[in-house]
Amino acid sequence: MQNNAAAGAGLPARLGRRLVLIVPYVWLILFFALPFLIVVKISLSVQRDGRPPYEPVFELGDGLVALWGGLQKFSTESYAAIFADRIYADAYLSSLWIAALATLCTLAIGYPLALAIARAPRRWRPLLIVLAVAPFWTSFLIRIYAWIVILKDEGLLNHALISAGLIAEPLHIYATQWAVLIGIVYSYLPFMILPLYNALEKQDEALVEAALDLGATPFAAFRQITWPLSVRGVIAGCLLVFIPAVGEYVIPDLLGSSDVLMIGRTLWDEFSTARNWPGAAAVATVLLVVLLAPITAYQRSQLQRKGAGR
Amino acid sequence: MPAPLVQLAGVSKHYGDVRAVDSVTLELEPGEFFALLGPSGCGKTSLMRLVAGFETPDAGRILLDGQDMQGVPPYRRPVNMMFQSYALFPHMSVERNIAFGLAQQGMSKGDIATRVAEMLRLVKLEGYGARRPEQLSGGQKQRVALARALAPRPKLLLLDEPLAALDRKLREETQFELMQVQRDLGITFMLVTHDQDEAMGMAQRIALMRAGQIEQIGDARAIYERPRTLFAAEFIGEINLFEGEAVQIDGARFAIVQGGRRIALAEDDSPVTGSVLIAVRPERMVMSHLHAGSAAEFEGTITEMAWLGDLTIWRVRLDDGRLLRVSRSNADVANAVFTRGDRVFVGFDAHSVRVLPK
């Protein structure tokens, strides 16, 4: 009886389960895979005057001959340009360098903060987490403009330092890569704190006590217990900061000068000023491939860890 | 008489207004198996954490092997603890867990390997060294926790509810194993538990705690047979209580049980006079169908009975409304004659009572 009932309900139930799984895939295809394919397609196109500023353009109903003709117009010249001109390589390297530095800084600042929140009395933790995320309540642009006011030669920071007698001449931070670094670290700090907090909060506090009890100094206990058990959070936080930081456009545009080379700006210049859509699309595609490397490395390490756990 | 290994003198610890530990004075002999027993919130865990060094006392002194522990951090105390949650390091193998304390001391690799093998043998986990804690059963985790805490050869091992997470069968087995290990190594054990069976089964001496203070210290038998307070009598085992009056007649002490019967009190009984409680353990109660002798003075009806294999427990509702508990070993085949609904006479002999201040 029961078996029959289960079999009767099985088909719709299984269909329902499939549908639930299909929804996110449809989402990913519509809003990630498809746009990305369009970008790749544009990157393989050729610049031209007109609207849109590239060819070939495919229309539905063109027929197979037109399609074949279009396909033959595809070219890799945009990619060739990227590899030919040093400025692209410099922009990529400089972006990776600034993003890496910013990631290290957010980790150095975020880890102690996350640890302090995770070890705070339980009833305070939600409030402290809200405070860590609180800057998000203000517009991102306004916060970056505020940093201009702080970092300018005649800004708040220099004013305070000179009044305190610590320096005689104002520090030139604004419009340098240091200002970009400060802006990125400040803006992305919550993305570092949240996964770290998540990893640290789950740790049994008795583990550190056990380590201390067994003769480990507080530093040794941190190095051997707290840190290794939070590595997943560290990796997640670093990826969450590093990946968007590499492609960051607004912060270098507002806080940096034209000599702070970042790939986001190169992309924007290519797209708007030069009206070179295929070039911009190629820059974006190469960036994605560059960023895919650390993500896949991370996922592989996760899989291996899972495999080892079994 | 050896010098005490642990000395607590007037140790107090407050949390806000709560006196978690209230001027406790206590001494542990070297090689002793000692238990701190009490209900949750009685301060036993706080006291243990004070000894381990995770908390600092507000007043009083803690001496370990004659050394004042004031200001000594937990990682410099010759004390190890077995945590209730076991707190095994999840990212380390069993071997590395056990080796952890030895590695902190800077012991050489070879010596560590020897000691770890020795500890694995001690807790009967040979061959499990390479496993991760998550691959172990509850009982195995408990053994690893024990081995890890014992590996650095502490002078004192603290055990926080060591059997709480184990099922009943495993608990008794583990209990005997812990006692064996303690005897073999000669390390002083301080057990913290709310479970009277755990404390009575393992410890040579028990300190019964209540509201931050020690209510009574003694071996299990002394606390069970001669509780000094109502709390001690009720916390350990079951007890029947009768209102009464303690009096002194011609230099001898008597208790007059409510209802009029007079019983002579033993010398060592607590020297209370006036209004008292006369306490009798269920297994010391006398029960019969006939009104036989002065011991069986109360009349009532059996309302419940529970047959537990080794013993049977009856609840007897007296005609004046009081509820008594009577138990007997099932080695006595006569038990079978008492069933629910029977009219019975119950009472006790004079030597079975304990007089408690009210």
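Since this is a predicted model, take the numbers as computed values, not measurements.

1. Describing the overall build of chain B
Turning to step 1, where the next piece is worked out: Each helix and strand counted, chain B has eight helices and 20 strands in total.
Turning to step 2, where the next piece is worked out: Seen through its C-alpha atoms, chain B measures out along the principal axes to roughly 75 × 45 × 40 Å.
Turning to step 3, where the next piece is worked out: Looking at chain B residue by residue over its 358 residues, the buried ones come to 51%.
Turning to step 4, where the next piece is worked out: Of the contacts formed within chain B by residues at least 6 apart in sequence, a portion of 67% connects residues at least 24 apart.

2. Concerning the sheet that holds strand S10 (residues 213-218) of chain B
All names here are of chain B.
Turning to step 1, where the next piece is worked out: The six strands are arranged S6-S7-S8-S3-S9-S10 in an open sheet whose pairing can be described as mixed. The open sheet terminates on both sides in strands that have one partner only, identified here as strand S6 (79-82) and S10. Across the sheet, the mean angle separating the axes of adjacent strands is 20 degrees when strand polarity is ignored.
Turning to step 2, where the next piece is worked out: When strand S9 (residues 205-210) meets S10, the two strands line up antiparallel, connected through five bridges. Paired with Ala 207 across the bridge in S10 is Ile 217.
Turning to step 3, where the next piece is worked out: Running at roughly 175 degrees to S6, helix H4 (residues 138-150) makes contact with S6, strand S7 (156-160) and strand S8 (188-193) of the sheet.

3. Notes on the interface of chain B and chain A
Where the parts come together, the accessible area they lose is often given as the size of the interface.
Turning to step 1, where the next piece is worked out: Every contact between the two is made by 24 residues of chain B and, on the other side, 20 residues of chain A.
Turning to step 2, where the next piece is worked out: Here chain B and chain A share an interface that buries about 1800 Å² over both sides, 63% of which is from carbon and sulfur atoms.
Turning to step 3, where the next piece is worked out: Between Glu209(A) and Arg49(B) there is a salt bridge, with the nearest N and O atoms lying 2.6 Å from each other.
Turning to step 4, where the next piece is worked out: Across the contact surface, chain B and chain A share six residue pairs in polar contact (both at pLDDT 80 or more).
Turning to step 5, where the next piece is worked out: Put simply, the parts of the chain that give the side of chain B that touches chain A at least two residues each are helix H1 (44-52), S6, helix H2 (94-104) and H4 of chain B.

4. Re the domain arrangement of chain B
Residues and elements named next belong to chain B.
Turning to step 1, where the next piece is worked out: Examined at the domain level, chain B breaks down into domain 1 (6-230) and domain 2 (238-357).
Turning to step 2, where the next piece is worked out: Computed over C-alpha atoms only, the centres of domain 1 and domain 2 are separated by 39 Å.
Turning to step 3, where the next piece is worked out: Domain 1 puts eight residues into the contact, and the matching count from domain 2 is nine residues.
Turning to step 4, where the next piece is worked out: The junction of domain 1 with domain 2 conceals about 810 Å² of combined surface from both sides, 52% of it contributed by carbon and sulfur atoms.
Turning to step 5, where the next piece is worked out: For the domain 1 face of the interface with domain 2, the top three residues by lost area are Tyr 224, Pro 227 and Leu 230, together amounting to 60%.
Turning to step 6, where the next piece is worked out: Linking domain 1 with domain 2 are one salt bridge.
Turning to step 7, where the next piece is worked out: When the shortest N-O distance is used, the salt bridge between Arg 284 and Glu 225 registers 3.1 Å.
Turning to step 8, where the next piece is worked out: In this assembly, domain 1 and domain 2 are joined by four residue pairs in polar contact (both at pLDDT 80 or more).
Turning to step 9, where the next piece is worked out: Among the elements that line the side of domain 1 that touches domain 2, the one with the most residues is helix H7 (residues 220-225), at three residues.
Turning to step 10, where the next piece is worked out: The class makeup of the residues in the side of domain 1 that touches domain 2 is four nonpolar, one polar and three charged.

5. Thoughts on the layout of surface pockets
Residue and element names in this part refer to chain B.
Turning to step 1, where the next piece is worked out: Reported here for the largest pocket is a volume of approximately 960 Å³.
Turning to step 2, where the next piece is worked out: As for the largest pocket, its lining consists of 22 residues, and the residues nearest its centre are Arg 168, Gln 196, Asp 197, Asp 310 and Leu 311.
Turning to step 3, where the next piece is worked out: Listing elements by their share of the lining of the largest pocket, those giving two or more residues are helix H5 (168-185), helix H6 (196-202), strand S17 (311-318) and strand S18 (323-329).
Turning to step 4, where the next piece is worked out: Broken down by element, the residue count for the lining of the largest pocket peaks at six residues, all from H5.
Turning to step 5, where the next piece is worked out: Taken together, the residues of the lining of the largest pocket sort by class into seven nonpolar, four polar and eleven charged.
Turning to step 6, where the next piece is worked out: If you count residues domain by domain, the lining of the largest pocket takes at least three from each of domain 1 (6-230) and domain 2 (238-357).

How each quantity is defined
Residues numbered from 1 in each chain as written. Chains lettered and ligands numbered in written order. Predicted model: local features only at pLDDT ≥ 70, side-chain atom pairs only at ≥ 80, totals over all residues. Heavy atoms only, no water. Helix = DSSP H or I, 4+ residues; strand = E, 2+ residues; numbered from the N terminus. Buried < 20%, exposed > 50% of the residue type's maximum accessible area, 1.4 Å probe, protein only. Contact = heavy atoms within 4.5 Å. Pairing = 2+ DSSP bridges. Axes fitted to C-alpha atoms, helices over the stretch in contact; angles between N-to-C directions. Buried area = accessible area lost by both parts, 1.4 Å probe. Salt bridge = Lys/Arg side-chain N within 4 Å of Asp/Glu carboxyl O. Polar contact = N/O pair within 3.5 Å; in protein donor to acceptor, adjacent residues only side chain to side chain. Domains from an automatic or database assignment. Nonpolar A, V, L, I, M, F, W, Y, C, P; charged D, E, K, R; others polar. 1 Å grid on protein atoms, 1.4 Å probe; cavity = no way out; pocket = protein on both sides within 12 Å on 5 of 7 lines; lining within 4 Å. Points joined across faces, edges and corners; volume = space filled by probe spheres on them.

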